[in-house]
Amino acid sequence: MKMKSIIIALDESTYSQVIARQGFELATVFKSTVTILLIRNNEAVINASLANISIEENDNSEEKLMIEIQELAKIFDTIEYSMTTLEGDPMEEIIRFVTDNTADLLIVGTHGRTGLDHWITGSVAEHVIRHATIPVLVIPYNHQAH
């Protein structure tokens, strides 16, 4: 199986760096290029304001993630990578990006919600698995990594 190009879809959660690292490690094995796809969810900005987190602090999480990605790129310096930031519904934006761009694998994380919480919020990973036109590797969020 050839994996010339891998898309790693990230959100602004603290665990995104771990997902990115695992994606870079896999890209090293397959000598793949990497596209980091950062999705800024409008809902995340609203939730941050409801939780009394300023928009500036929320923006800092994106800036912090970008710095962490640059550090990863230095560690995995043999990997060619690019970064794209989109804003909107992660389910729609990930599928749209994968459809419009050529890649051999998509990597996403999942919060592993179940029951009512899963039903109310939906599962981005589940939606992506059902609608992606390429193979999807789902990495569960390890809550101990926070």
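Being a predicted model, the structure only gives us computed values, none of them experimental.

What follows deals with the environment of Glu80. By the element assignment, Glu80 lies in the loop between helix 3 (55–75) and strand 3 (81–87). The sequence separation of Glu80 and Ser32 amounts to 48 residues, and the corresponding C-alpha distance is 7.7 Å.

Okay, the packing of helix 4 (residues 90–100) against helix 6 (residues 124–131) next. Put simply, helix 4 and helix 6 touch, their axes get as near as 9 Å, and they point 30° apart. The angle between helix 4 and helix 6 places the two elements in the roughly parallel class. Our pair here, helix 4 against helix 6, has a crossing hand that is right-handed. Where helix 4 abuts helix 6, its residues Pro90, Met91, Ile94 and Ile95 lie against Val124, His127, Val128 and His131.

For the rest of this paragraph, the subject is the pairing of strand 1 (residues 5–10). For strand 1, the tally of buried residues reaches 6 of 6 residues, placing the bulk of the element in the interior. Residue alternation in strand 1 divides its side chains into two sets, Ser5, Ile7 and Ala9 and Ile6, Ile8 and Leu10, and both sets are buried. In this structure, strand 1 lies alongside strand 2 (residues 33–40), joined through 6 bridges in parallel fashion. In the sheet register, Ala9 faces strand 2, and the bridge partner there is Leu37. Traced from strand 1 through helix 1 (residues 16–30) to strand 2, the parallel crossover comes out right-handed. Direction of pairing for strand 1 relative to strand 4 (residues 105–110): parallel, over a ladder of 3 bridges. Each bridged residue has a counterpart across the sheet, and for Ile7 the counterpart in strand 4 is Leu106.

This paragraph deals with the side chain of Thr35. Looking at where Thr35 falls in the secondary structure, it is placed in strand 2. Look at Thr35 and you get buried, because its relative accessible area is 15%. Leave out the neighbours within four places in its chain, and Thr35 touches Ile6, Ile7, Ile8, Ser82, Thr84 and Phe97.

Of all 8 residues in strand 2, 7 are buried, a share of seventy percent or more. When strand 2 meets strand 3, the two strands line up parallel, connected through 7 bridges. Along strand 3, the bridge assignment pairs Arg40 with Glu87.

Parameters at a glance
Residues numbered from 1 in each chain as written. Predicted model: local features only at pLDDT ≥ 70, side-chain atom pairs only at ≥ 80, totals over all residues. Heavy atoms only, no water. Helix = DSSP H or I, 4+ residues; strand = E, 2+ residues; numbered from the N terminus. Axes fitted to C-alpha atoms, helices over the stretch in contact; angles between N-to-C directions. Parallel < 35°, antiparallel > 145°, perpendicular 65-115°, else oblique. Left-handed = near helix turned anticlockwise from the far one by under 90°. Contact = heavy atoms within 4.5 Å. Buried < 20%, exposed > 50% of the residue type's maximum accessible area, 1.4 Å probe, protein only. Pairing = 2+ DSSP bridges. Right-handed = clockwise from strand over helix to strand, strands pointing away.

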